[in-house]
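Here is what each chain is made of, one letter per residue.
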Amino acid sequence: MPGVTMVASRGANPSSLWRSRTLLSSPRVVPSSARFLSFNCRSITPYNGRPSANNSASTSHLLRKVTTNKPSSSSFSTSSSSLLPENWDENPDLSITNFSELPSKDFGVNQHMIINQDFKEALRMILWQFKAPIRYAFAYGSGVFPQNGSGAPSSSLHPSAPTAIQNMQKGSGKMIDFIFGVSYSQHWHDINLHQHRDHYSGLGSLGSYTVSQVQDRFGAGVYFHPYITVNGTMIKYGVVNLDTLCRDLTQWDTMYLAGRLQKPVKILRDHPKVRLANQMNLLSALRVALLLLPEKFSEFELYSTIAGMSYMGDLRMALPAEDPGKVRNIVSGQMAHFRRLYAPLIENLPNVTFQDPRCSNEDWIDDPDAILAMAQDMDPVMRGNMVRRLPESFRQKLYFQYQSRFGIPGADFNKMMQESKDSDEVIRRPEGGSFERRIAGDDYLQEEVSKSIEKTIRWPSTVQTIKAPLTAGLGKSWTYLMEKRQKHKKSQMAAASALETPPGAKKPTQAPKSSEPKETKKE
């Protein structure tokens, strides 16, 4: 697709792959001759991909001429198929090592959030303080993306953070969370133990082999180091093997990291294999959210459903050790980021559309108050296809639940699964059969999907919580837990205060505007 010019080469700096906010790129293959970007509810001004004085820094540049004239499913499919010679997710190759091997030159740039340039560079400088090779890295959480209703700590956690970080956090001094993707866990920890022995608990005394075994064999395959000072900045970083990360993104074995990447994060070092796997993860999250939602819903409800999935079954939500209003705070503070992440995927799904006249407003995509009405096609064939295309590990959990609900004998169920597997070898793109369509039309679908999410998340997240005292140390784990509980109490107090609002007082009907500072530079 035209628009963003990317340098697709091994070792390319990811920031060089995104030079403008003028395009929400499609995750599908589009011929280079195409000169437009079409959204389900939008009719967009042609754009030839060349920078000009009219190309603003806003992602809304191509969304200014918008209509709510939704094409029919058939016409949309026909026009789309003529531009898309094949579906990128039919047979993804997760062995790729070069950005040029991605389905298209601008594939997955929707994953790269635009933040303040100086702040981004300050985060990258933290990565350079590690000698152990970091192949993929992202920063996430309220320390990177301000959340509405997220109160500032009483004092800054950073001993002497760079000015860019202090300015971005407005003096709140929140710990910044990172995930580091590495090629070989033991090798990485061996190097890191020699350089940063103080980052480890007593477990580090047992050597890199033991550390890597605790990381890879228990929980979700992540080893966290909280309350670490790097470049005068208090951070928490988790280490995960790239294969473990990609498997969770594509299969949803644990949804521990897949859930984090379903929300806006700032990717600091990119990797083609992870970018491909994460695009599959985002598409899966969108499909599951649609299965959980009714025919008509709001844009805010869609993003809240997606953001809330990763907290289903999380032990911290039951302790309580997490802010119960966290999902709303995340989405209401990051509407533009969620749109950037999911709008290209919504455009490529024929069964969901924006249906709101506010699409015609200039710069609506950057307006957190422009929460649009949406609708999906409840046709059981389409929804059955969505069920069939869910991540394999997660889909198997849902199937087994419905085997029990429908009372299908084991032999018949196994035969049905084998026939479905055999059909996949003939038809590259999985199509839902009678079983999937029956699931899609079931009145208890939302309940069963929610149970499958909880079962996927509960055990890995519980083990991650249990192993925290071993990996981080008792002192740091206790401090972290108390901070989480304090956030929970503050949220409860805020909710109680809201209930005491006088009857005549005006209450907000939409998500409040983001308090995030505007970026000063473009990537």
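Since we're looking at a predicted model, the values are computed, not measured.

About the thresholds
Residues numbered from 1 in each chain as written. Predicted model: local features only at pLDDT ≥ 70, side-chain atom pairs only at ≥ 80, totals over all residues. Heavy atoms only, no water. Salt bridge = Lys/Arg side-chain N within 4 Å of Asp/Glu carboxyl O. Buried < 20%, exposed > 50% of the residue type's maximum accessible area, 1.4 Å probe, protein only. Helix = DSSP H or I, 4+ residues; strand = E, 2+ residues; numbered from the N terminus. Contact = heavy atoms within 4.5 Å. Pairing = 2+ DSSP bridges. Axes fitted to C-alpha atoms, helices over the stretch in contact; angles between N-to-C directions. pLDDT = per-residue confidence, 0-100.

**What about the pattern of salt bridges?**
Right, on to step 1. Considering all chains together, one arrives at 11 salt bridges under this definition.
Right, on to step 2. A salt bridge links aspartate 270 to arginine 275; the nearest nitrogen and oxygen atoms lie 2.7 Å apart.
Right, on to step 3. Its relative accessible area of 9% is what places aspartate 270 among the buried residues.
Right, on to step 4. Under the relative-accessibility criterion, arginine 275 is labelled buried at 1%.
Right, on to step 5. Linked through salt bridges whose partners overlap, the residues forming this network are Lys120, Glu121 and Arg124.

**Comments concerning helix 11 (residues 326-333)**
Every α-helix carries 3.6 residues per turn, so stepping three or four residues along brings you back to the same face.
Right, on to step 1. With 7 of 8 residues buried, helix 11 is to be regarded as a mostly interior element.
Right, on to step 2. Every buried residue of helix 11 is listed here: Lys326, Val327, Asn329, Ile330, Val331, Ser332 and Gly333.
Right, on to step 3. Packed against the buried residues of helix 11 are helix 9 (299-309) and helix 12 (335-348).

**Notes on the sheet that holds strand 5 (residues 266-269)**
Right, on to step 1. Pairing is mixed in the open sheet, where 5 strands are placed in the order 3-4-2-1-5. The open sheet is flanked by strand 3 (222-230) and strand 5, the only strands paired with a single partner. Within this sheet the neighbouring strands show an average axis-to-axis angle of 25°, counted without direction.
Right, on to step 2. Across 3 bridges, strand 1 (residues 136-140) lies against strand 5 in antiparallel orientation. Its bridge partner lying in strand 5, alanine 139 is registered against lysine 266.

**Points about the confidence of the model for the protein**
Right, on to step 1. Considering every residue of the protein, the mean pLDDT works out to 78; 72% of them sit at 70 or more.
Right, on to step 2. Within the model, pLDDT remains below 50 along residues 1-85, and this stretch shows 193 contacts once partners closer than five positions in the same chain are excluded.
Right, on to step 3. The low-confidence segment residues 504-523 (pLDDT under 50) makes 55 contacts with residues lying over four places distant or belonging to another chain.

**Points about unusual backbone geometry**
Right, on to step 1. Look at tyrosine 227: it is not a glycine, yet its phi comes out positive at around 55°.
Right, on to step 2. For asparagine 231, which is not glycine, the phi dihedral falls at a positive 55°.
Right, on to step 3. In this fold, asparagine 231 is placed in the loop between strand 3 and strand 4 (233-241).

**Details of the sheet that holds strand 8 (residues 373-376)**
Within a sheet, each strand pairs with its neighbour through backbone hydrogen bonds, oriented either parallel or antiparallel.
Right, on to step 1. Strand order in the open sheet formed by 3 strands is 6-8-7, and the pairing between neighbours is antiparallel. This sheet does not close on itself; its edge strands, each paired only once, are strand 6 (296-298) and strand 7 (352-354). In this sheet, adjacent strand axes meet at a mean angle of 30° when their direction is disregarded.
Right, on to step 2. Lying over the sheet, helix 9 contacts strand 6, strand 7 and strand 8, oriented at roughly 80° with respect to strand 6.

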